[in-house]
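Residue strings, one per chain:
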Amino acid sequence: MSKLLFAAFNDGVSLSMAGNHEAAILAFDKVLAVDPKHVPALTAKGASLATLERFEEALRCFERAIEVDPTEAEAHRDAALCQLELGEPEAAAQLLQRATQLNPTPGYRESAAVQIYALGNALLTRGSRRPDKARYRQARHVFELALTLSPGSAECARALADVWEHLGDPAQRDHYAQLATRLRPVPA
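It should be emphasised that the depicted structure is a prediction, and the values quoted were computed from it without experimental measurement. (Residues numbered from 1 in each chain as written. Predicted model: local features only at pLDDT ≥ 70, side-chain atom pairs only at ≥ 80, totals over all residues. Heavy atoms only, no water.)

Q: Can you explain unusual backbone geometry? Please cite residues and give values.
A: With phi around 60°, Glu53 is a residue other than glycine that occupies positive phi space. Mapped onto the secondary structure, Glu53 falls in the loop between α3 (39-51) and α4 (55-68). With a relative accessible area of 53%, Glu53 lands in the exposed category. (Helix = DSSP H or I, 4+ residues; strand = E, 2+ residues; numbered from the N terminus. Buried < 20%, exposed > 50% of the residue type's maximum accessible area, 1.4 Å probe, protein only.)

Set out below in structure tokens:
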């Protein structure tokens, strides 16, 4: 990579870290204008777009990064997070499965589960009004995916119990509430 390309990429990273995502995107675009297959610039641009909640554009960046380098676990995981934001849990599950195949370390699975769990919570707390049934259904899919990645997570099980309570299914609510209790018993 040329010094100018390296400098433009580093500028983008610095701008992104400073929270100036619009300017970071422009810096990453300079890199991509010269090298459209620059995976770090594609993924960094996607991350800035996702931070700005421009999930469809971010997804396109991550998909392009996967196309260029199918072994890039982070691009698969980040694309999965965008798919979840866009209400596509099946596509997200496939991407996450591939990401964890590419990076099978337990810490990676746990990290992804934590991000997905946080996304589920964010779905239920966004906006000024109370979540409707559609948001609870979307959160259900998100929490189920987090629990799949981290089957020992009592937090995910508790969140699912709460979601099922709001969706009006006491059997599912009780199932997940009992699961949460089994995963981390309350000290006597």
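Q: Would you mind going over the pattern of salt bridges in detail, with residue names and values included?
A: Taken as a whole and judged by the stated rule, the model has 11 salt bridges. Where Lys45 meets Asp29, a salt bridge forms, and the shortest distance between an N and an O atom there is 2.6 Å. Remark: Asp29 occurs in helix α2 (residues 21-34) and Lys45 occurs in helix α3; sequence separation between them is 16 residues. Residue classification places Asp29 among the partly exposed positions, given a relative accessible area of 30%. (Salt bridge = Lys/Arg side-chain N within 4 Å of Asp/Glu carboxyl O.)

Q: Could you give an account of the side chain of Ser153, naming the residues involved and the relevant values?
A: As for its placement among the helices and strands, Ser153 is situated in the loop between α8 (133-149) and α9 (154-167). Among the residues examined, Ser153 registers a relative accessible area of 8% and is labelled buried. With residues up to four places along the chain from it excluded, the contact list for Ser153 reads Leu147 and Leu183. (Contact = heavy atoms within 4.5 Å.)

Q: Tell me about helix α1 (residues 3-17), and name the residues and values.
A: The terminal C-alpha atoms of α1 lie 21 Å apart, and with 15 residues this matches the ideal 21 Å at 1.5 Å per residue to within 8%. Leu5, Ala8, Phe9, Gly12 and Ser16 are the residues of α1 that are buried. The buried residues of α1 occupy one face: seen down the axis, they fall within an arc of 95°. Away from its buried face, by an angle of more than 90 degrees, α1 presents the exposed residues Lys3, Leu4 and Met17. In this fold, the buried residues of α1 make contact with α2 and α3. (Expected span 1.5 Å × (residues − 1). Arc of directions from axis to C-beta.)

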